[in-house]
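Structural characterization, general
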Amino acid sequence: MIVMTDQLLGQWNYYLVIILMMIGFYGVIARGNMVKKIVGLNIFQTSVFMLYISMGKVAEGSAPILTGDPTTVYSNPLPHVLILTAIVVGVSTTAVGYALIIRIQESFGTIEDDDIIAQLDDEEETA
Amino acid sequence: MMQHLPILQVLLPLLASPFAALLRGRDVAWGLTFVTTGLAFLISIALFFQQRAIGETMIYELGNWAAPLGIVYVIDAASALVLPVISGIGFIATLAARQLVAAEIDARDHGLFYAAWLLTIAGMMGQVTTGDAFNIFVFLEISSLSAYALVAMGAGRDRRALPAAFNYLILGTVGATFYVIGLGLLYMLTGTLNLADLAERLPHVEETRAAFTAMAFIALGLFLKMALFPLHFWLVPAYAHAPSAVTALMASTATKVSVYVLIRLIFGVFGVEFPGLADAVGLLVLTLGIAGAFVGTLAAIVETDLKKLFAQSSIAQLGYMAIGIGAMSATGLAAAFLHLFNHALMKGALFLAIGMIAAQAGRATMGTIQGAGKQIPITMTAILFGGLALIGVPLTAGFISKLYLIRALLEQNFWLLAGLTFISSALALAYVWKIIEAAWLQPRPNGAPVLRETASQYIPAWIMVVATLGFGIYATPLVEAAFAAAHVFIPSVAGAN
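The model shown is predicted, which means the values in this text are computed figures rather than measured ones. (Residues numbered from 1 in each chain as written. Chains lettered and ligands numbered in written order. Predicted model: local features only at pLDDT ≥ 70, side-chain atom pairs only at ≥ 80, totals over all residues.)

Some thoughts on the overall build of chain A
- What chain A contains, in helices and strands, is 5 helices and 0 strands.
- Mapped from its N terminus to its C terminus, chain A presents α and β elements in the order α-α-α-α-α.
- In summary, chain A has a C-alpha radius of gyration of 22 Å against a globular reference of 14 Å for 127 residues, an excess of more than 25%.
- Within the span of chain A, comprising 127 residues, buried residues form 24% of the whole. (Helix = DSSP H or I, 4+ residues; strand = E, 2+ residues; numbered from the N terminus. Rg over C-alpha atoms; globule rule 2.2 N^0.38 Å. Buried ≥ 20, exposed ≤ 12 C-beta atoms within 10 Å, placed from the backbone.)

This is the structure we're talking about:
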């Protein structure tokens, strides 16, 4: 019993990651509003950032700054650095996404998936 | 200088990109792009022959930091084969872009257009060269983000480009994120991101569920990126509404690079011996591949918009590459490499020729090309040869790749699959015939706009057609290179080819 609780509680970060991941993924798939899709995408990406950052944590480890003391335990800085890159990528993706949404609003007058599809279907019929 | 070639071919387009963005006036930005892609093409050809001459893997250490701490660029038989495809198509598409972009993009945006164009090429070259798994992700996003922008630039003529680019962005990002999740799990298990190092350390943890999950995430993410059926829904609208030059570039390179990365990860890192790989991924890829071949071909048969028609046919052709991968043998992989190479040439030729029609007529549909065989015979003949190569008619490059694909399937005794591959290839005749019939057997309707062709319009497409025929008639060097590429991942067995 203790082992099981230990396993469950000891991996709480993964549960958090998976819950966030699913919330974000649901937002991407189920929402027709494009801004909400991007928000979902951001939550989805953030869950992955957390997956990486939490794996870099070493028990009792300090921030990875050289202290000169050879017995110091450091957390692994590499996942943090990777995620720094991934955050930049995420920000750029969000920026491109919102830029597209602005253009879509300008030319369709809506940012709802269904309305856009309906407009395009009408166009096909008249064409 | 010579030892820096592996990095130069990525750096040149990357560095030229901001300059292109600053340049005004359509020919200046184009000229810079033309020279840069030309140089990248020359470098990748030089690398190909250098690698063939040495016969072993060339490693370039960035900033002299040795692997696994530093990032290395790897030129082996596989990357040396794929690099000239990307830079070559990039170069010839740039050659054609001068007219296509002038016709389709607002003159004020040309600098930005070529900036994104160069970035997407740099990103693809990087993905193929790098030996670091996280580096692949970064290059993947560089090429994808600029590709979203390029697709959206079709909005000047066709506003449907905008939702197409948006959906492409959403699915592309989901795919790339899946890849990163898989990578995170691998890093947790092994503590390394270097591909060669990963391959060495993975066997110690290959029985864990985490390793299998990592493989599943990576494969799924790349399936999305390579538009494997049924994850292909972003591809057709994106190709159909993008500017014609972008369609030609992306259709021949973007998905191919993802196929290459999939091969590199699945065979180069996990390896054929990885538990569950042959059953799970192999079987899945085979099934989806053949399903995609039929669905894509059938959808192409009923399509009337030429860009959409050949985009659907791309789904089918990607299915054949997937079948080659799923065969899990050296011959299968060689067939996948051959088809990757040949399909890039055929689709490049087709989309460049169609682009020239679309740039003049606004759209390229069955109606637009009705009776066009007499008006623009040279362009239509290029489309005809491209179509014949897609079917796999002998003397075209398409025949060679289909031949080796079916051979790979027969080696494994997949008789049914070989039969289905043959049938779906033959079905492609239906949509090619539809084009022949419209262009040559029907009269040009009264009042239809007059289509024109000049040498500068059809030469880029014809370069690709000639290459398709050339590699179809004299295939030996290409087949050798493809087998060398396959043997990077699956060592050759004595007596086998």
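Moving on from the coordinates now.
Side note on the overall build of chain B
- Along the backbone of chain B there are 19 helices and 2 strands.
- A globule of 497 residues ought to have a C-alpha radius of gyration of about 23 Å, and chain B, at 21 Å, matches this closely.
- Overall, the C-alpha framework of chain B stretches about 70 × 55 × 40 Å when taken along its three principal axes.
- Classification of the 497 residues of chain B by burial places 63% in the buried group.

Considering helix α19 (residues 476–489) of chain B
Residues and elements named next belong to chain B.
- Its 14 residues give α19 an end-to-end C-alpha distance of 21 Å, which sits within 8% of 20 Å, the value for a rise of 1.5 Å per residue.
- Every buried residue of α19 is accounted for by Leu478, Ala481, Ala482, Phe483, Ala484, Ala485, Ala486, Val488 and Phe489.
- As for α19, its buried residues are in contact with α3 (77–104), α10 (244–270), α13 (330–361) and α18 (455–473). (Expected span 1.5 Å × (residues − 1). Contact = placed C-beta atoms within 7 Å.)

Focus on the interface of chain B and chain A
- Taken together, the contact pairs 23 residues of chain B with 24 residues of chain A.
- Looking at the side of chain B that touches chain A, the elements with two or more residues in it are α5 (133–152) and α6 (161–190) of chain B.
- Tallied by class, residues from the side of chain B that touches chain A come to 17 nonpolar, 3 polar and 3 charged. (Nonpolar A, V, L, I, M, F, W, Y, C, P; charged D, E, K, R; others polar.)

Considering the environment of Ile29(A)
- Assignment of secondary structure puts Ile29(A) in helix α2 (residues 12–30).
- Sequence separation of Ile29(A) and Gly40(A) is 11 residues, and the distance between their C-alpha atoms is 8.5 Å.

Some details on the packing of helix α8 (residues 209–226) of chain B against α10(B)
Residue and element names in this part refer to chain B.
- It is the contact of α8 with α10, at a shortest axis distance of 8 Å, that shows an interaxial angle of 165°. Compared by their axis directions, α8 and α10 come out roughly antiparallel. Here the hand of the crossing between α8 and α10 comes out left-handed. Packed against α8, whose contacting residues are Met215, Ile218, Ala219, Leu222, Lys225 and Met226, the element α10 presents Thr255, Ser258, Val259, Val261, Leu262, Leu265, Ile266 and Phe270 at the interface.
- Looking at the contact of α8 with α10, its residues break down into 11 nonpolar, 2 polar and 1 charged. (Axes fitted to C-alpha atoms, helices over the stretch in contact; angles between N-to-C directions. Parallel < 35°, antiparallel > 145°, perpendicular 65-115°, else oblique. Left-handed = near helix turned anticlockwise from the far one by under 90°.)

Describing the environment of Ile378(B)
All names here are of chain B.
- Here isoleucine 378 shows up in helix α15 (residues 377–391).
- Overall, the presence of 15 C-beta atoms within 10 Å leaves isoleucine 378 in the partly exposed class.
- Between the alpha carbons of isoleucine 378 and alanine 238 there is a distance of 28 Å; along the sequence they are 140 residues apart.
- In this structure, isoleucine 378 is in contact with Glu453 and Tyr458, ignoring residues within four places of it in sequence.

As for the packing of helix α12 (residues 306–326) of chain B against α13(B)
Residue and element names in this part refer to chain B.
- In contact at an axis separation of 9 Å, α12 and α13 are set at 175° when each is read in the N-to-C sense. On the basis of the axis angle, α12 is roughly antiparallel to α13. For the pair formed by α12 and α13, the contact residues are Leu306, Lys307, Phe310, Ser314, Gln317, Tyr320, Met321, Gly324 and Ile325 on the first element and Gly332, Leu333, Ala335, Ala336, His339, Leu340, His343, Lys347, Leu350, Phe351, Ile354 and Ala358 on the second.

Examining the nonpolar core
- Counting residues in hydrophobic clusters, the biggest one holds 232 residues, and the most contacted among them are Val151(B), Ala165(B) and Phe337(B).
- The leading source of residues in this core is α13(B), at 22 residues.
- With sequence-adjacent residues up to four places away left out, Ala165(B) is seen in contact with Leu100(A), Tyr148(B), Val151(B), Ala152(B) and Ala238(B). (Core = buried A, V, L, I, M, F, W, Y, C linked by C-beta atoms within 7 Å.)

Quick word on the pairing of strand β2 (residues 72–75) of chain B
Residues and elements named next belong to chain B.
- Where burial is concerned, the two faces of β2 agree: the one with Val72 and Val74 and the one with Tyr73 and Ile75 are both buried.
- Of the pairings in the sheet, the one linking strand β1 (residues 58–61) to β2 comprises 4 bridges and is antiparallel in character. The residue of β2 that forms the bridge with glutamate 61 is valine 72. (Pairing = 2+ DSSP bridges.)

Considering α18(B)
Residues and elements named next belong to chain B.
- With 19 residues, α18 extends 25 Å between its outermost C-alpha atoms, agreeing within 8% with the 27 Å of an ideal straight helix rising 1.5 Å per residue.
- Largest kink in α18: about 30°, centred on alanine 461.
- Residues of α18 that are buried sit in contact with α3, α13, α15, α16 (397–411) and α19. (Bend = angle between axes of the 7 residues up to and from the residue.)

Structural notes on unusual backbone geometry
Residues and elements named next belong to chain B.
- Here phenylalanine 229 and proline 230 are connected by a cis peptide whose omega angle stands at 0°.
- Assignment of secondary structure puts proline 230 in the loop between α8 and α9 (235–241).
- A positive phi is found at alanine 227, a non-glycine position, where the angle reads about 60°.
- You can see alanine 227 is positioned in the loop between α8 and α9.
- If you check the backbone angles, leucine 395 has positive phi at about 80° while not being a glycine.
- Checked against the element boundaries, leucine 395 lands in the loop between α15 and α16.

Description of the environment of Arg264(B)
- As for its placement among the helices and strands, Arg264(B) is situated in helix α10.
- The spatial distance from the C-alpha of Arg264(B) to the C-alpha of Val488(B) is 9.4 Å, given a sequence separation of 224 residues.

Section: the confidence of the model for chain B
Residues and elements named next belong to chain B.
- In the predicted model, chain B carries a mean pLDDT of 87, and 98% of its residues have values of at least 70.
- Mean pLDDT across the secondary structure elements of chain B bottoms out at helix α14 (residues 372–375), with 80, and peaks at α5, with 93.
- The ipTM assigned to the predicted complex is 0.91, against a pTM of 0.92. (pLDDT = per-residue confidence, 0-100.)

Thoughts on the confidence of the model for chain A
- When the pLDDT values of chain A are averaged, the result is 86; 96% of them are 70 or greater.
- Confidence scores differ between elements of chain A, with helix α1 (residues 2–10) of chain A showing the lowest mean pLDDT of 70 and helix α4 (residues 78–108) of chain A the highest of 92.

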